[in-house]
Amino acid sequence: MPFRLLRTMVFAMVCLGLGVGAHVFGGGTVSGDAMLVAFWLAACAAYPVAGRERSLHAILPLLGGLQLALHLLFSLSHAGSPVQAVAHAVHASGGLVPGFGMLVAHSWATLLTALWLARGEAVLWTLLRRLAVRLLAVLLPPVPETPFFAAAVVEPPVLRSAVLRHVLSGRGPPMVVETS
């Protein structure tokens, strides 16, 4: 449970940092209340999927959807009422729909961040699997070499060398017979 919560908070911070950074880079401002709401929105979206290893195919859509939601939240948070927020967003950015440049910037940042998070996931889970194997090797008793239900292996008796008297050897060069 704490590991899942830690992974959720890391994902939410990365998502919030990406969203706030892109929004401020685009010329907008972000209030503290909007950042707090955005953080909890990202954390609530990430918590259900933070229980196991995720690939790029799972991270990219979640991150992209959250970036869209955070863009809308930050655009609507400039004014007090929703009507004023829409009017302000329409006036400031030409509409709630981001322009082409902002869309490209959000897309590239989302893709690169998703790749970074997916690689981090792979490294983290590989490290945890290796650590688990090492801990199991240390904590568990060694496995016996023979199976538990195997029959006892009877070794053949040791053969003693015997001099064989009537052996013809065909190896080696032919013997030279001397006649005198």
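Located above this text is the structure these notes cover.
Fair warning: this is a prediction, and the values are worked out from it, not measured in the lab. (Residues numbered from 1 in each chain as written. Predicted model: local features only at pLDDT ≥ 70, side-chain atom pairs only at ≥ 80, totals over all residues. Heavy atoms only, no water.)

(A) Geometry of the overall build of the protein. Per the secondary structure count, the protein includes 5 helices and 0 strands. The linear arrangement of helices and strands in the protein, starting from the amino end, is α-α-α-α-α. Each of the 180 residues in the protein was classed as buried or not, and the buried ones make up 22%. In the protein, of all internal contacts separated by at least 6 residues, the share reaching a separation of at least 24 is 81%. Of the roughly 13800 Å² that the protein leaves accessible, carbon and sulfur atoms contribute 71%. (Helix = DSSP H or I, 4+ residues; strand = E, 2+ residues; numbered from the N terminus. Buried < 20%, exposed > 50% of the residue type's maximum accessible area, 1.4 Å probe, protein only. Contact = heavy atoms within 4.5 Å. Areas by Shrake-Rupley, 256 points an atom, 1.4 Å probe, with all protein chains shown as cover.)

(B) Expanded view of the environment of Leu 76. Among the secondary structure elements, Leu 76 is positioned in helix H3 (residues 56-76). The class of Leu 76 is partly exposed, set by a relative accessible area of 35%. With 42 residues separating them in the primary sequence, Leu 76 and Ala 34 have C-alpha atoms 9.4 Å apart.

(C) Region of interest: the packing of aromatic side chains. Evaluation of the coordinates by the stated rule reveals 2 aromatic pairs. Ring centres 5.8 Å apart and planes at 85° place the aromatic pair Phe 3 and Trp 125 in the edge-to-face group. Here Trp 125 lies in helix H5 (residues 100-139) and Phe 3 lies in helix H1 (residues 2-25), a separation of 122 residues in the sequence. For Phe 3, a relative accessible area of 32% gives the class partly exposed. For Trp 125, a relative accessible area of 16% puts it in the buried group. The interplanar angle of 80° and the centroid separation of 5.2 Å between the aromatic rings of Phe 39 and Trp 40 together place this pair among those described as edge-to-face. (Phe/Tyr/Trp six-rings, centres within 6.5 Å; stacked < 30°, edge-to-face > 60°.)

(D) Expanded view of the packing of helix H2 (residues 32-46) against H3. Contact geometry for H2 and H3: axes closest at 10 Å, N-to-C directions at 155°. On the basis of the axis angle, H2 is roughly antiparallel to H3. The two elements H2 and H3 meet at a crossing, and its hand is right-handed. Contacts from Ala 34, Met 35, Val 37, Ala 38, Leu 41, Ala 42, Ala 45 and Ala 46 of H2 reach H3 at Leu 62, Leu 66, Ala 69, Leu 70, Leu 73 and Phe 74. (Axes fitted to C-alpha atoms, helices over the stretch in contact; angles between N-to-C directions. Parallel < 35°, antiparallel > 145°, perpendicular 65-115°, else oblique. Left-handed = near helix turned anticlockwise from the far one by under 90°.)

(E) Structural context of the pattern of salt bridges. Going through the model one piece at a time under the given rule, you end up with 2 salt bridges. Between Arg 129 and Glu 53 there is a salt bridge whose closest N-O contact spans 3.2 Å. Placement of Arg 129 in helix H5 and of Glu 53 in the loop between H2 and H3 is noted, with a sequence separation of 76 residues between them. (Salt bridge = Lys/Arg side-chain N within 4 Å of Asp/Glu carboxyl O.)

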